[in-house]
Amino acid sequence: MRRPTMTLHSGIVLAAALFAVFAAIAIGFSAPPFNSGDEAAHLDYAVTVWHGHLPVFEDGLTIDSTFGIIPPVQWVSQHPPLFYAVLAPVVGPLWDSGQHYHAVLAGRVVNAVFAGLTVLAAGWAARRVLPTRPGAASVAAVVVSLTSMFLLVGGAVYNDLPNVAFGALAIGVAATALRRGLSTRLVVLAAVVTAAGMLSRLTFAVFVVAVLVAVVCARGRGWWNGLVGKLVAVVVAAAAPALAAGWFFLRNERVTGNIAGSQPEWAAAHLHRRQHGFVETVADPGFWTGVFSVFRGHFTLDVTWPWVLLVGPLLLAVVVAVVPALRRNGRVRPMAPRPTTTDPTTTDRATTDPTTTDPTTADPTTVTGRRRRQDATDRVADVLVALMLVAVVVLVVFLQIRFTMQGGAAQARYGLPVVPVLAVVMAIGLSGFGRMLSPLLVTAWVAAAGYDWFAIVDLTGPAFHEPVTLTVSRVAVVLAIVALAAVLTLVWTASLRRSAVAPQPPTSDFPAVTA
């Protein structure tokens, strides 16, 4: 009974990832090249890496373009080089051969692929955060894929998406540690994710802290979950990002005087940005609407309905949280298989000991005691995971406050790292109202968010001088709509196949479903 539903939920995540790829390509091929100075600077960074060195702020851009907006300085040189190292072998040869517009389009396609991978990462992380709610976890991936700012970035050459993807993976690693405990595989994954994340953006340090705290608080059995094992895991997860990216931030310190590589004096003199106090920043409504306007798309500030896409599901999640009957909706408790063994010394015990037999024939007192202990363990894990998610959002927002205080802009792009976290909460709200109402809510939300995306794409004519780009955009739109239809079909099928009977609470004999 369980296997088809799990496959459907995985299909929802995959279809959402495909939608993100095609939707971002449609945006990228329908937008003019270098329609912002940031995109030109990011592509220049990749070309510079292709030429074998790192960019310098004062040297400006090394590329010479006849189109778009070219900034006077290299104002993204402070970012670590992982994204640009991936982009370099794609855009570098095209730019050097004089195919400048094709280099921009190729860079946008690469970033569209990053968008799809980020959705997969967000789906995996949501599954670790919500191990007993596979429906909500898959809807969280759908929410990420339909975030208009996420798709705008995916349709341009920006370095935000690797940071978002590795941030989601870090959340998944931390949640797994808090729920299952540590293992060799998880410690290795933590090291890889933290190292790659710090090579994406400095703000990923928030997620490194989340992983380290989760390692310390991990609950489980085995050597890794003892005092020495946790100490080794902390050292590994902390040393990996330090060794991978430490050299770059020391370079920032040497070149600019600070590890962030920021240039507040230049920004104040040339961009007329001024510094703000903490109270002034947090009391400014423009700060909050700027950072969290991730669903605004291309709509002007006076258009308020896109805020419903964010606020509506969050309010529904509050309703689900306070109504006990709704909290049980969508929860899955799988039956554990009968214990099997080929060891003749344990065969008799495995088939006669009431503590190891099928719970349907075991001593009810034993099963009840184990259920209560497991319930208590699950509640503690739920609280720890929730606190971790809240801390991540608070710290990311705090870093953005600090950035704005120093003269930085409060942009929705900088709110993207918290979207996978918000998507989990939003998904609980959208999927917590039963087998019929929940897919209706998801369908309505997807339709509104899909329109938000479609309004960005310009299908009236080629964005630049090559007519084929219009054809690519139109084909990408069709494929994106097909993927979105697949998402909704799978959501409805998975919901209707779900048992109408409320599942039993988990026990140590009934471990929570994990993907």
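Note that the structure is predicted; figures quoted are calculated from it, not measured.

1. Considering the packing of helix H7 (residues 160–180) against helix H9 (residues 205–217)
And step 1. Across the interface, H7 lies against H9 with an axial gap of 8 Å and an inter-helix angle of 10 degrees. What the angle tells us is that H7 and H9 run roughly parallel. For the pair formed by H7 and H9, the contact residues are Gly167, Ala170, Ile171, Val173, Ala174, Ala177 and Leu178 on the first element and Phe207, Ala210, Val211, Ala214 and Cys217 on the second.
And step 2. Of the residues that constitute the contact of H7 with H9, the class distribution is 11 nonpolar, 1 polar and no charged.

2. Quick notes on the environment of Asp44
And step 1. Here Asp44 shows up in helix H2 (residues 37–50).
And step 2. In the structure, Asp44 is positioned 33 residues away from Ser77 in sequence and 9.6 Å away in space, judged by C-alpha atoms.
And step 3. When neighbours within four sequence positions are excluded, Asp44 is seen to be in contact with Gly60, Leu61, Thr62, Ile63 and Gln74.

3. Looking at a nonpolar patch on the surface
And step 1. On the surface, a nonpolar cluster with roughly 410 Å² of combined accessible area is contributed by Leu14, Leu18, Val113, Leu117 and Leu120.
And step 2. Counting residues per element, the ones that place at least two in the nonpolar patch are helix H1 (2–30) and helix H4 (100–129).
And step 3. The element contributing the most residues to the nonpolar patch is H4, with 3 residues.
And step 4. Considering the arrangement of structural elements, one finds Leu14 in helix H1.
And step 5. Overall, Leu14 belongs to the partly exposed group, its relative accessible area being 47%.

4. Describing the pattern of salt bridges
Pairing between side chains of opposite charge can happen when the charged atoms of each approach one another.
And step 1. Within the structure shown, the criterion is met by 5 salt bridges.
And step 2. Residue Arg201 is joined to Asp160 by a salt bridge in which the shortest nitrogen-to-oxygen separation is 3.4 Å. With Arg201 in the loop between helix H8 (184–198) and H9 and Asp160 in helix H7, this residue pair connects regions lying 41 residues apart in the sequence. Of the two residues, Arg201 and Asp160, both sit in the buried class.
And step 3. For the salt bridge of Arg179 with Asp382, the shortest nitrogen-to-oxygen distance reads 2.8 Å. With Arg179 in helix H7 and Asp382 in helix H17 (residues 364–405), the pair connects residues that are 203 residues apart, well separated along the chain.
And step 4. The class of Arg179 is partly exposed, set by a relative accessible area of 23%.
And step 5. One connected set of salt bridges, linked through shared partners, spans Asp38, Asp160, Arg201 and Arg413.

5. Re unusual backbone geometry
And step 1. Even without a glycine there, the phi angle at Phe34 is positive, about 55 degrees.
And step 2. Mapped onto the elements, Phe34 comes out in the loop between H1 and H2.
And step 3. The exposure class of Phe34 is buried, given its relative accessible area of 0%.

6. Brief notes about the side chain of His42
And step 1. Here His42 is to be found in helix H2.
And step 2. The class of His42 is buried, set by a relative accessible area of 1%.
And step 3. Once residues within four sequence positions are removed from consideration, His42 is found in contact with Val76, His79, Tyr84, Val157, Tyr158 and Asn159.

7. Regarding the packing of aromatic side chains
Geometrically, a pair of aromatic rings is defined through the distance of the ring centres and the angle of the planes.
And step 1. Within the structure shown, the criterion is met by 22 aromatic pairs.
And step 2. Taking the centre distance of 6.1 Å and the plane angle of 65 degrees together, the rings of Trp453 and Phe454 count as edge-to-face.
And step 3. By relative accessible area, which is 2% here, Trp453 ends up buried.
And step 4. Three or more aromatic residues joined by ring pairs form one cluster here, namely Phe34, Phe67, Trp95, Tyr101 and Phe464.

8. Here we look at empty space enclosed by the protein
Which parts of space are left empty comes out when a probe the size of a water molecule is rolled across the atoms.
And step 1. A complete count under the given rule lists 6 cavities of 30 Å³ or more for this structure.
And step 2. Of the volumes computed, that of the second largest cavity is approximately 60 Å³.
And step 3. Lining the second largest cavity are Pro55, Val56, Phe57, Ser77, Gln78, Arg251, Asn252, Val255, Thr256 and Gly261.

9. Here's the deal with the packing of helix H5 (residues 134–145) against helix H18 (residues 419–431)
And step 1. The contact between H5 and H18 brings their axes to 8 Å, and the two run at 125 degrees. With respect to H18, the axis of H5 lies oblique. As for how H5 packs across H18, the hand of that crossing is right-handed. Across from Ala136, Val139, Ala140, Val143 and Val144 in H5, the residues of H18 making contact are Val419, Pro420, Ala423, Val424, Met426, Ala427, Ile428, Leu430 and Ser431.

Here is what the cut-offs are and how they apply
Residues numbered from 1 in each chain as written. Predicted model: local features only at pLDDT ≥ 70, side-chain atom pairs only at ≥ 80, totals over all residues. Heavy atoms only, no water. Axes fitted to C-alpha atoms, helices over the stretch in contact; angles between N-to-C directions. Helix = DSSP H or I, 4+ residues; strand = E, 2+ residues; numbered from the N terminus. Parallel < 35°, antiparallel > 145°, perpendicular 65-115°, else oblique. Contact = heavy atoms within 4.5 Å. Nonpolar A, V, L, I, M, F, W, Y, C, P; charged D, E, K, R; others polar. Patch = residues over 30% accessible without salt bridge, like charges linked within 9 Å, V, L, I, M, F, W, Y side chains within 5 Å. Areas by Shrake-Rupley, 256 points an atom, 1.4 Å probe, with all protein chains shown as cover. Salt bridge = Lys/Arg side-chain N within 4 Å of Asp/Glu carboxyl O. Buried < 20%, exposed > 50% of the residue type's maximum accessible area, 1.4 Å probe, protein only. Phe/Tyr/Trp six-rings, centres within 6.5 Å; stacked < 30°, edge-to-face > 60°. 1 Å grid on protein atoms, 1.4 Å probe; cavity = no way out; pocket = protein on both sides within 12 Å on 5 of 7 lines; lining within 4 Å. Points joined across faces, edges and corners; volume = space filled by probe spheres on them. Left-handed = near helix turned anticlockwise from the far one by under 90°.

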